[in-house]
Amino acid sequence: MISQAIAIPRLIVSKHHGFNDLPNALKKHGFNKILLIVGKGIEKLFKDRIDILLYDRELNITGPTILEELDVEKLSPLAYQLESYDVIISMGGGKAIDTGKYISFLRQIPFISVPTSISNDGFASSGASLMVSGQKKSVAAKMPYGVIADLDILFTAPERFYFSGLGDVVSKITACYDWQYEESHGVGHIDHYALLTAKKSVNSVVRLPKPYIHEGLFIKEVVDSLIMSGISMEVAGNSAPASGSEHLISHAMDKLVPGRYLHGVQVGIATYIMSLTQEYRMNRVRTFLTETGFFEHVKALNINRKTMIEAIKLAPGIKPNRITTLHHEKYMNKALNVIEEDEILIDLFAMS
Ligand SMILES: [Zn+2]
């Protein structure tokens, strides 16, 4: 029998001016003593929003405290020095959220994320991307109790984060294919609810008609999709519904060119390569990434063709215990071929 105890966010706000709902939501959920962690520059950038919290007389807020510490060895003593709080809120990009999430996990305190950009699904997933012995690792942490996605805050983020978020959304297509492929080869098992959640999360975004992409509600669909993707991993008990061969290629790029490109940008390109390789929903992926301007954005990054090829070759070795399509020679060869043959990919990478 499989455990049915699953941690999912109990407070989800994703709308225009969503931050304004936070004080009342905190009271409604019984949180009074609150630690507010922010990323660098956030306090100034969103002072008007933060003041709504600070000047609420019914809430006892400590902070805003600037904290973007990703080193696990430094984070642990820091977490245990803190006094006890009802809830920890992190407002910022990935670093502030990963920091707060891990501290909350160590101290077993509920955690609320307030993302200021949506470059990946980290603001709504249990994993934290931290430094362990000098290497970036995905560490088990805590599923957020709450997610407050204020669309007006997210609109202010630089465009590259938006493209990264799109890449992480579309990756569920090839990830789910790999997950089913893996089970059919006798490794792991599909959790059907997690599969359904992951598939629905991406479909609601990629099926939007073209003009909709540049309208305000599109970003809401992306946010909601990333939240559902985080939940699908929690339900499955692992990252498989949201992370397949396309994520392995991205992890390989992290090793080859650390920190050069955003996670979702790497993942989005790899998703296109793998959809051609798997011959699965490739027209949908191509249309989506073309119409959103994703390919145009990637082209300007001048990603080296040799790096891409090297990353594909390294990818299966990143998780040798998984059996994604890329773990089998037939698909590996095909992935290397599509780089040479597909017109969009030929155009996308720099030759040198
Ligand atoms: Zn991802």
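Residues numbered from 1 in each chain as written. Predicted model: local features only at pLDDT ≥ 70, side-chain atom pairs only at ≥ 80, totals over all residues.

Let us look at the domain arrangement of the protein. We note that the domain assignment places domain 1 (11-155) and domain 2 (159-348) within the protein. Measuring from the centre of the C-alpha atoms in domain 1 to the corresponding centre in domain 2 gives 27 Å. In this assembly, 17 residues from domain 1 lie in contact with 21 residues from domain 2. Of all elements in the fold, only strand 1 (11-15), strand 8 (146-150) and helix 6 (151-155) reach the threshold of two or more residues within the side of domain 1 that touches domain 2. Per-element tally for the side of domain 1 that touches domain 2: the top contributor is helix 6, with three residues. The residue inventory of the side of domain 1 that touches domain 2, partitioned by class, reads nine nonpolar, six polar and two charged. (Domains from an automatic or database assignment. Contact = placed C-beta atoms within 7 Å. Helix = DSSP H or I, 4+ residues; strand = E, 2+ residues; numbered from the N terminus. Nonpolar A, V, L, I, M, F, W, Y, C, P; charged D, E, K, R; others polar.)

Once that is clear, we can look at the nonpolar core. Formed by 99 residues in total, the largest nonpolar core has its most connected members in V87, I88, I89 and V170. The element that contributes the greatest number of residues to this core is helix 10 (residues 216-236), accounting for ten residues. If you count residues domain by domain, this core takes at least three from each of domain 1 (11-155) and domain 2 (159-348). Not counting the four nearest positions on each side in its chain, V170 is found in contact with V202, V206, G268, T271, V285, F288 and L289. (Core = buried A, V, L, I, M, F, W, Y, C linked by C-beta atoms within 7 Å. Buried ≥ 20, exposed ≤ 12 C-beta atoms within 10 Å, placed from the backbone.)

Right, let's get into the packing of helix 9 (residues 192-206) against helix 10. The contact between helix 9 and helix 10 brings their axes to 8 Å, and the two run at 170°. Between helix 9 and helix 10, the crossing angle belongs to the class labelled roughly antiparallel. Note that helix 9 runs across helix 10; the crossing there is left-handed. Residue-level contacts link Y193, A194, T197, A198, K200, S201, V202, S204 and V205 of helix 9 to E221, V222, S225, M228, S229, I231, S232, V235 and A236 of helix 10. Each residue belonging to the contact of helix 9 with helix 10 can be placed in one class, and the counts come to ten nonpolar, six polar and two charged. (Axes fitted to C-alpha atoms, helices over the stretch in contact; angles between N-to-C directions. Parallel < 35°, antiparallel > 145°, perpendicular 65-115°, else oblique. Left-handed = near helix turned anticlockwise from the far one by under 90°.)

So, about the sheet that holds strand 8. Sheet architecture is open: six strands sit in the order 1-8-5-4-2-3, paired in parallel fashion. Both outer strands of the open sheet, strand 1 and strand 3 (60-66), are each paired with one neighbouring strand and no more. Pairs of neighbouring strands in the sheet enclose a mean axial angle of 15°, with direction left out of account. Where strand 2 (residues 33-38) meets strand 3, five bridges bridge the pair, whose relative direction is parallel. Residue pairing across strands places I37 opposite T65, the latter belonging to strand 3. Across the sheet, helix 5 (residues 94-107) touches strand 2, strand 4 (87-92) and strand 5 (111-115), and the angle it forms with strand 4 is around 165°. Along the sheet, helix 10 makes contact with strand 1 and strand 8, crossing strand 1 at roughly 160°. (Pairing = 2+ DSSP bridges.)

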